[in-house]
Amino acid sequence: MKHQPFIAAGILLLSSCTLNIKTTATADNPDTCDSTLQADRGTVSETGKDGDGQENTSDMQAAAGQIRHIYDELCKLYNAGKAEEFLNNEEQYLTVEFQNLYSQAKKVEEENQDYFFDWDFWISAQDDEDLKVTGVTTTEKPGNKAAADVTLINFGTPTHIHLILKYEKGKWLIDDFIFSDDETGSSLKQSMKDYIEDNE
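Residues numbered from 1 in each chain as written. Predicted model: local features only at pLDDT ≥ 70, side-chain atom pairs only at ≥ 80, totals over all residues. Heavy atoms only, no water.

## Description of the overall build of the chain
Next up, step 1: Scanning the chain for helices and strands turns up four helices and seven strands.
Next up, step 2: Overall, the chain shows an N-to-C arrangement of helices and strands of β-β-α-α-α-β-β-β-β-β-α.
Next up, step 3: The buried share among the 200 residues of the chain stands at 48%.
Next up, step 4: Taking contacts inside the chain between residues at least 6 apart in sequence as the whole, the part at least 24 apart equals 59%.
Next up, step 5: Roughly 10300 Å² of accessible area belongs to the chain as shown, and the carbon and sulfur atoms make up 44% of that amount. (Helix = DSSP H or I, 4+ residues; strand = E, 2+ residues; numbered from the N terminus. Buried < 20%, exposed > 50% of the residue type's maximum accessible area, 1.4 Å probe, protein only. Contact = heavy atoms within 4.5 Å. Areas by Shrake-Rupley, 256 points an atom, 1.4 Å probe, with all protein chains shown as cover.)

## Focus on the packing of aromatic side chains
Next up, step 1: The full count for this structure, using the stated rule, is 17 aromatic pairs.
Next up, step 2: Their ring planes at 80° and their centres at 5.3 Å tell us that Trp122 and Phe177 sit as a pair that is edge-to-face. Here Phe177 lies in strand β6 (residues 171-179) and Trp122 lies in the loop between α3 (96-112) and β3 (132-141), a separation of 55 residues in the sequence.
Next up, step 3: Since its relative accessible area comes to 2%, Phe177 is described here as buried.
Next up, step 4: An aromatic cluster of three or more residues is present, and its members are Tyr71, Tyr78, Phe86, Tyr93, Phe98, Tyr102, Phe116, Phe117, Phe121, Trp122, Phe177 and Tyr195. (Phe/Tyr/Trp six-rings, centres within 6.5 Å; stacked < 30°, edge-to-face > 60°.)

## Side note on the sheet that holds strand β5 (residues 157-168)
Next up, step 1: Read across the open sheet, the five strands follow the order β3-β4-β5-β6-β7; overall the sheet is antiparallel. Strands with a single pairing partner mark the edges of an open sheet, and in this sheet they are β3 and β7 (186-187). (Pairing = 2+ DSSP bridges.)

## Some details on the pattern of salt bridges
Next up, step 1: Enumeration over the complete set of coordinates arrives at seven salt bridges.
Next up, step 2: Among the ionic pairs, Glu73 bridges to Lys76, the shortest N-O distance being 3.3 Å. Highlighted residues: Glu73 and Lys76, both in helix α1 (residues 60-79), separated by three residues, approximately one helical turn.
Next up, step 3: Glu73 sits in the partly exposed class, given a relative accessible area of 22%.
Next up, step 4: A salt bridge links Asp175 to Lys145, with the nearest nitrogen and oxygen atoms 3.3 Å apart. Here Asp175, found in strand β6, pairs with Lys145, found in strand β4 (residues 145-154); they are 30 residues apart in sequence, far enough to count as distant.
Next up, step 5: If you follow the salt bridges from partner to partner, you end up with Glu97, Lys145, Asp175, Lys189 and Lys193 in one network. (Salt bridge = Lys/Arg side-chain N within 4 Å of Asp/Glu carboxyl O.)

## A look at the nonpolar core
Next up, step 1: Counting 45 residues, the largest nonpolar core has Ile67, Tyr71, Trp122, Leu163 and Phe177 as the members making the most contacts within it.
Next up, step 2: Elements that contribute at least two residues to this core include exactly α1, α2 (83-87), α3, β3, β4, β5, β6 and α4 (188-198).
Next up, step 3: Per-element accounting of this core gives the leading share, ten residues, to α1. (Core = buried A, V, L, I, M, F, W, Y, C linked by side-chain atoms within 4.5 Å.)

## Points about α4
For the α-helix, the turn length of 3.6 residues means that residues three or four positions removed from each other point alike.
Next up, step 1: Within α4, burial applies to Leu188, Lys189, Met192, Tyr195 and Ile196. Down the axis of α4, the sector holding all buried residues measures 125°, keeping them to one side. Opposite the buried face of α4, at more than 90 degrees from it, the exposed residues are Glu197 and Asp198.
Next up, step 2: As for α4, its buried residues are in contact with α3, β6 and β7.
Next up, step 3: The backbone nitrogen of Lys189 has a side-chain oxygen 3.2 Å away, supplied by the residue at the start of α4, namely Ser187. (Arc of directions from axis to C-beta. Polar contact = N/O pair within 3.5 Å; in protein donor to acceptor, adjacent residues only side chain to side chain.)

## Description of α3
Next up, step 1: The first and last C-alpha atoms of α3 sit 24 Å apart over 17 residues, in line with the 24 Å expected at 1.5 Å per residue.
Next up, step 2: Next to the buried residues of α3 lie β6 and α4.
Next up, step 3: The first or second residue beyond α3 is Gln113, which carries a positive phi of 55°. (Expected span 1.5 Å × (residues − 1).)

## Quick word on unusual backbone geometry
Next up, step 1: The backbone phi angle of Ser124 is positive, close to 55°, even though this residue is not glycine.
Next up, step 2: By the element assignment, Ser124 lies in the loop between α3 and β3.
Next up, step 3: Its identity is not glycine, yet Asp130 carries a phi of approximately 50°, on the positive side.
Next up, step 4: Topologically, Asp130 is positioned in the loop between α3 and β3.

Note that all results are geometric; they support no functional claim without further evidence.
Right, dumping it as structure tokens:
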């Protein structure tokens, strides 16, 4: 089935603090996805609070759990033929900055009648079949941010979805999708900014 088009995710080379945590979550419906979470994290407070009593936003286990939840929901709905239900509610998983750029870029795309979003950036493909999440890894980054790598099986082939996360509104949200044919990685947010500026 075909869904909203997108820009493909690519390779982001990540360094990480290593602590392996492995849990398994299986959807009740066998037609939905099976998920294995494997999180690499930095220093994490057992209570979820730092020394000042504030939430510890470097908690990579929580970040990995949030991304696992998002992609569990995604593959459950996509596999049930309800991709539009997920896409119609996708903003709840995105930072305010990403949402604003995304809305502007879609408006420009509609006005120009062109195809900036030519694939579904959530799954790094135009089509999907029997989506399954087999791994999620997260790595701490400066500034209340983290990097995440989602291993998604589509048509029996693994695809790596590279994300930048930001701790916002009391939870981890997706702030960028990284895609590229080279090793440095390119930003969907930056590409949207360039697209908007080029069409002003």
